[in-house]
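Okay, here's what each chain looks like letter by letter:
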Amino acid sequence: MKLFSKLAFICNVSFVLFICFGYIELSRRQNKNDDNILPLPFVTGTLVILGQLAIFLNFIFCLVTLLLLVLKKRKPVPQWVVIINFIFLLIQFYYFFI
């Protein structure tokens, strides 16, 4: 569970970077530069993919945490990680679905 929480947190950070790259690309389009597409090297492309997959991993993490809470099992992850991942999940639902 600790590894899964760390992976979900890394994906959430990648989600923030994914949003930043989207705004950079949008500003380039508004300035009407010759480059319409932001060049994505390997690392940037990986961050974009992790940012898009973050909602799925984060949703599964929150479901597992909720299940552990209902079953009254001890959570092996710190409470701040659970709270931050839940806040990111709310932001991701807003970004992707609203």
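Residues numbered from 1 in each chain as written. Predicted model: local features only at pLDDT ≥ 70, side-chain atom pairs only at ≥ 80, totals over all residues. Heavy atoms only, no water.

Colleague: Tell me about the packing of helix α2 (residues 42–70) against helix α3 (residues 79–97), residues and numbers included.
Modeller: Between two packed helices, both the angle of their axes relative to each other and the distance between the axes serve to describe the pair. Their axes nearest at 9 Å, the elements α2 and α3 cross at an angle of 130°. Viewed along their axes, α2 and α3 adopt a mutual orientation that is oblique. Between α2 and α3 lies a crossing whose hand is left-handed. Along its contact with α2, which presents G51, Q52, A54, I55, N58, F59, F61, C62 and T65, the element α3 presents V82, N85, F86, F88, L89, Q92, F93, F96 and F97. Split by residue class, the contact of α2 with α3 holds 12 nonpolar, 6 polar and no charged. (Axes fitted to C-alpha atoms, helices over the stretch in contact; angles between N-to-C directions. Helix = DSSP H or I, 4+ residues; strand = E, 2+ residues; numbered from the N terminus. Parallel < 35°, antiparallel > 145°, perpendicular 65-115°, else oblique. Left-handed = near helix turned anticlockwise from the far one by under 90°. Contact = heavy atoms within 4.5 Å. Nonpolar A, V, L, I, M, F, W, Y, C, P; charged D, E, K, R; others polar.)

Colleague: Describe the packing of aromatic side chains, and please don't skip the residues or the numbers.
Modeller: Overall, the coordinates contain 8 aromatic pairs when judged by the stated rule. Both rings, one in F4 and one in F61, keep their centres 5.9 Å apart while their planes meet at 55°; by these two values the pair is tilted. Separated by 57 residues along the polypeptide, F4 in helix α1 (residues 2–30) and F61 in helix α2 bring together distant segments of the chain. With centroids separated by 5.8 Å and ring planes inclined at 50°, the aromatic side chains of F15 and F96 adopt a geometry described as tilted. You can see F15 sitting in helix α1 and its partner F96 sitting in helix α3, a full 81 residues away along the chain. On the basis of relative accessible area, F15 is assigned to the buried category, the value being 1%. (Phe/Tyr/Trp six-rings, centres within 6.5 Å; stacked < 30°, edge-to-face > 60°. Buried < 20%, exposed > 50% of the residue type's maximum accessible area, 1.4 Å probe, protein only.)

Colleague: Could you give an account of the confidence of the model for the chain, naming the residues involved and the relevant values?
Modeller: Averaged over every residue, the pLDDT of the chain is 85; residues scoring 70 or more account for 92%. By mean pLDDT, α1 is the weakest element of the chain at 86, and α3 is the strongest at 93. (pLDDT = per-residue confidence, 0-100.)

Colleague: Account for α1, with residues named and values stated.
Modeller: Taking 1.5 Å of rise per residue, the 29 residues of α1 would be expected to cover 42 Å, and the 42 Å separating its terminal C-alpha atoms lies within 8% of that figure. Turning to α1, its buried residues number three or more, namely S5, A8, C11, N12, S14, F15, F18 and I19. Directly after α1, the chain includes K32, whose backbone phi takes a positive value near 55°. (Expected span 1.5 Å × (residues − 1).)

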